[in-house]
Amino acid sequence: MNRPGIEELRSIQFFSVMSRRDLRMIARFASVKTHRKGEYIIREDTAADTFYIIRNGKVAITKKFEDGEEMVLAMQYDGEFFGEMALLDEGLRSASAVALESTVLLEISRRDFAVLLKKAPLLAYAMMRELSVRLRGTGALMVSELQRKNRELKQAYRETVNAVVNTLEARDPYTRGHTDRVTKIAVSIAKSIAEEKELDEEDLFTIEIGALLHDVGKIGVPDAILLKPGPLEAEETREIQEHPATGKHILGNIAYLKEALSCVLHHHERFDGQGYPEKIAGEAIPLHGRIISVADAFDAMTHDRPYRKKMDHQSAFQEIEENAGKQFDPQIVKAFRELLNSGVIAQVLASLETNSNDPKTDSAAGIA
Ligand SMILES: [Fe+2]
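Residues numbered from 1 in each chain as written. Predicted model: local features only at pLDDT ≥ 70, side-chain atom pairs only at ≥ 80, totals over all residues.

1. Brief notes about the domain arrangement of the protein
Now for step 1: Entries for the protein in the domain assignment read domain 1 (6-132) and domain 2 (155-353).
Now for step 2: Distance between the C-alpha centres of domain 1 and domain 2: 57 Å. (Domains from an automatic or database assignment.)

Next comes the structure, spelled out in structure tokens:
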């Protein structure tokens, strides 16, 4: 085995401040090895028992995600180190290390480090402190990278869902903008009750996606009914009332939309159990559905239809309030009142106006 010399060790930054005595001790345990360019020094998910310090060379630390994408966690150069977890436990490697050029490494095995701990605890402790600083840095990097991937994934969901919604809205000019407004209002309501109802970031995202998709089932309603410029016949109403179940059917097999299905299926349930499609009542109606129900009704009432003029915000809210406990969940109505009175709703809607000056509503029967 090739042991390093004292001066060789001292030339490595990691050891540069250590005493000659300490370096002599380390020289007895460390070995020196050269790795070719492209050689894997460590492979992810393999057993680990060695810690590495780069005497000279260049090493990439990489990690594979489930989707196969390989992320470079760090680039390591002369004097830097990797594989430190092997000194602490016997777990599998959490990342790979590959030499990007011919690289000379100093290697210390877990068994040797354990001897070092016994014989020179202060030296071992100093090394551990160096290592822990790095571990913390790597942990923070991993967390931020995962957050980035998560953000990208959510954005991809939004864009896909928006494409579907745009297709739906292109068919019926009266729905243009309705979905966005309902979504903004529903998310505002959800945020305002998040603490009380223990809604986390994921729940808010589910409500956002669910609100965007709430009327997707209208794709199955014939034009003659959907675009009819007047009140509907009973049979036509029945057909339009199919849209929550149709929506659920359309989206039912898409795993990542599973959580949002309750918004699609239950946004027309009534608090008194007289809604549709399942006629469930009170808190048996999923919260997401109860929230979208209020947002949907408010937006429908505050926008023109060919046969019905729009109402102002206060009149529309009055109607909603009169229906608290009948059509709507009184707690959601209360939260919505606070948002209206504090100007949050006006603000949220104004932010959308810049994108569209053609606010129309969706529903033939107001809140169908
Ligand atoms: Fe609907």
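2. A look at the sheet that holds strand β1 (residues 31-35)
Now for step 1: Across the sheet, which stays open at both edges, the four strands sit in the order β1-β8-β3-β6 with antiparallel pairing between neighbours. Both outer strands of the open sheet, β1 and β6 (81-82), are each paired with one neighbouring strand and no more.
Now for step 2: By the bridge criterion, six bridges tie strand β3 (residues 50-56) to strand β8 (residues 103-109) in an arrangement that is antiparallel. Bridge pairing in β8 places I54 opposite L105. (Pairing = 2+ DSSP bridges. Helix = DSSP H or I, 4+ residues; strand = E, 2+ residues; numbered from the N terminus.)

3. Quick look at the sheet that holds strand β5 (residues 70-76)
Now for step 1: Ordered by their spatial adjacency, four strands build an open sheet running β2-β7-β4-β5, and the pairing between neighbours is antiparallel. Strands at the two margins of the open sheet, each flanked by one partner only, are β2 (40-42) and β5. Taken pair by pair, the neighbouring strands of this sheet meet at an average axis angle of 30°, ignoring direction.
Now for step 2: Here β2 pairs with strand β7 (residues 96-99) via two bridges, running antiparallel. By the bridge assignment for β7, Y40 is matched with V98. (Axes fitted to C-alpha atoms, helices over the stretch in contact; angles between N-to-C directions.)

4. Topic: the packing of helix α5 (residues 121-171) against helix α8 (residues 201-213)
Helix-helix packing is described using two parameters, namely the angle between the two axes and the distance between the axes.
Now for step 1: At their nearest, the axes of α5 and α8 sit 9 Å apart, and the two run at 15° to each other. Classified by the angle between their axes, α5 and α8 sit roughly parallel to one another. Seen from above, α5 lies across α8 with left-handed handedness. Within the contact between the two elements, α5 uses K154, Y157, V161, N162 and V165 and α8 uses F205, I209, L212 and L213.
Now for step 2: For the contact of α5 with α8, the class distribution of residues is seven nonpolar, one polar and one charged. (Parallel < 35°, antiparallel > 145°, perpendicular 65-115°, else oblique. Left-handed = near helix turned anticlockwise from the far one by under 90°. Contact = placed C-beta atoms within 7 Å. Nonpolar A, V, L, I, M, F, W, Y, C, P; charged D, E, K, R; others polar.)

5. Quick word on the environment of R10
Now for step 1: By the element assignment, R10 lies in helix α1 (residues 6-10).
Now for step 2: Given 15 C-beta atoms within 10 Å, R10 falls into the partly exposed group.
Now for step 3: Sequence separation between R10 and R20 is ten residues; the distance between their C-alpha atoms is 8.6 Å. (Buried ≥ 20, exposed ≤ 12 C-beta atoms within 10 Å, placed from the backbone.)

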